[in-house]
Structures are given as C-alpha cells and as structure tokens.
Amino acid sequence: SAVISQKPSRDICQRGTSLTIQCQVDSQVTMMFWYRQQPGQSLTLIATANQGSEATYESGFVIDKFPISRPNLTFSTLTVSNMSPEDSSIYLCSVTGGSDTIYFGEGSWLTVV
Amino acid sequence: GQNIDQPTEMTATEGAIVQINCTYQTSGFNGLFWYQQHAGEAPTFLSYNVLDGLEEKGRFSSFLSRSKGYSYLLLKELQMKDSASYLCAVRGKDYKLSFGAGTTVTVRA
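Residues numbered from 1 in each chain as written. Chains lettered and ligands numbered in written order. Predicted model: local features only at pLDDT ≥ 70, side-chain atom pairs only at ≥ 80, totals over all residues. Heavy atoms only, no water.

Undergrad: What is the right way to read the interface of chain B and chain A from this model?
TA: A common way to report how large an interface is uses the accessible area buried once the components associate. On the side of chain A, 22 residues touch chain B, which itself brings 18 residues to the contact. Between chain B and chain A the total buried area reaches about 1,500 Å² when both faces are included, carbon and sulfur atoms providing 60% of it. Contact with chain A buries area across many residues of chain B, yet Y95(B), K96(B) and F99(B) alone supply 31% of it, more than any other trio. The interface formed by chain B and chain A holds 2 salt bridges in total. At the level of elements, β4 (32–37), β5 (44–49), β9 (84–91) and β10 (97–99) of chain B are the ones that each hand at least two residues to the side of chain B that touches chain A. It is β4(B) that contributes the most residues to the side of chain B that touches chain A, 3 residues altogether. When grouped by side-chain class, the residues that make up the side of chain B that touches chain A number 11 nonpolar, 3 polar and 4 charged. (Contact = heavy atoms within 4.5 Å. Buried area = accessible area lost by both parts, 1.4 Å probe. Salt bridge = Lys/Arg side-chain N within 4 Å of Asp/Glu carboxyl O. Helix = DSSP H or I, 4+ residues; strand = E, 2+ residues; numbered from the N terminus. Nonpolar A, V, L, I, M, F, W, Y, C, P; charged D, E, K, R; others polar.)

Structure, rendered in structure tokens:
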C-alpha cells in the first residue's frame, strides 16, 4: 500500500488568510485526489490533481478558492484561500495504490476562527 | 452520477455480527470500497470489490452484486474497538469516489 503523508495535520487559522496543505506519497502514483469532510458529514471530492496540468474541479469548487499544484507523480498541494469559518473541515489527500485500491492520507484538520 | 444509500446508525453487542448494507445507483461502475473511520481520524481502507461475490479479510467480509447495485460489509466477533463510522464508496469510470453518508456502528458490552 502507498504511504501518504500530509502536512499540517492540524491548524487553527484566522479568517481571511490562506493555508497550503502538502501531500507526499512514497511512490509514484497516477491518480491523486483531494477531498473535504465537513463536521458530521461524509467525504466530498474537491478536485483531481493532474500532473503537469491544471486540476479538474468538481461542481461547487473553483480554482480561485482551492488552487492545486502537482509538480510530479509523488507530491501535490491544496491551498484553501481567503478562509471563512465554513472552511473548517478535514482535508484529505487520496491516491490509487497497488491492487487498484484507494488510500487516504492522515488528513489535515483545519479550524477557521 | 452516483446515489449511495446506507443506514445511519446500527447498534450491536460485543461478540455479535453486524451487517451494513449499501445500495447504489451509478452511471458507471469501477469498484466498491468500504472504509472505517474512527472519530478524529482519517478513513482507513477495509475492502474493495469489483467483481460479484464475497471477499473475506479476517473478521471483515464484503459482498457485491453489481446487477442489484448492492453491497454489504459484515463484521464478525464484534469488539469494542469496532465502534466507528463505516463508509461505502463507489468508484466511477473516471476513477473518482462517491461516498455514502456513512453508518455509525456502536458496540455495547
């Protein structure tokens, strides 16, 4: 299975600021995704991180709010821009690993105050 | 798109068996996943079914019927540590996962 590291694991952020979350995988992976889990909710896909090109966003998510980079096959970043309390969530990086399974990083718990 | 239904809550006694059902309607199917999520933690992978039938992994088993759009996760010999949320997720042809709302399982002594 792929080992996925996310940073930061937790943060408390001021309203109006931006935070960048990093996702590092221990092996090259083709597919990498970013999910959000709001309090008491299930997971929602934000976007697919594409290596060397712009990310593909799901309905309701836009690049200006959630810019994503993926410079290579093992690393991606998600920025949450101009944060508001509604952005308080767990943000999760996900990759497709061996045996076609899908694994998640440990998550980044963000609280916006 | 995907429409995924699973029960909201289930309660069972330590040592018992619990079956969590998941039904789905999908425009394209490329596998069904089950994840366990303890409070304050990220989801952890439990099982993956892409063909019909039963997959067994220790105390956990998962079943899939593609023609019926139906899966279940079976937890045997329940332990207190099995108290968690269990998420059913369907992968489409685009490799994106769509999640059900999750089933909270409470194991009582």
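Undergrad: What's the story with the state of the cysteines in this structure? I'm lost.
TA: What makes a disulfide is a covalent bond joining the sulfur atoms belonging to two cysteines. Inspection of every chain in the model, using the stated rule, returns 2 disulfides over all chains. Each disulfide pairs two cysteine sulfurs, and for C23(A) the partner residue is C93(A), the sulfurs being separated by 1.9 Å. On the sign convention where negative is left-handed, the bridge of C23(A) and C93(A), at about -65 degrees about the S-S bond, is left-handed. Taken together, the residues C23(A) in strand β3 (residues 19–25) and C93(A) in strand β9 (residues 89–96) connect sequence positions 70 residues apart. In this model, C22(B) is linked to C88(B) through a disulfide, with the two sulfur atoms separated by 2.0 Å. Disulfide C22(B)-C88(B): the torsion about the S-S bond is -70 degrees, which places it as left-handed. One end of the pair, C22(B), is in strand β3 (residues 18–26); the other, C88(B), is in strand β9, with 66 residues separating them in the sequence. Per residue, the accessibility class of C22(B) equals that of C88(B), and both read buried. The closest cysteine sulfur to the non-disulfide-bonded C13(A) is located on C23(A), 18 Å from its own sulfur. (Disulfide = S-S within 2.5 Å. Buried < 20%, exposed > 50% of the residue type's maximum accessible area, 1.4 Å probe, protein only.)

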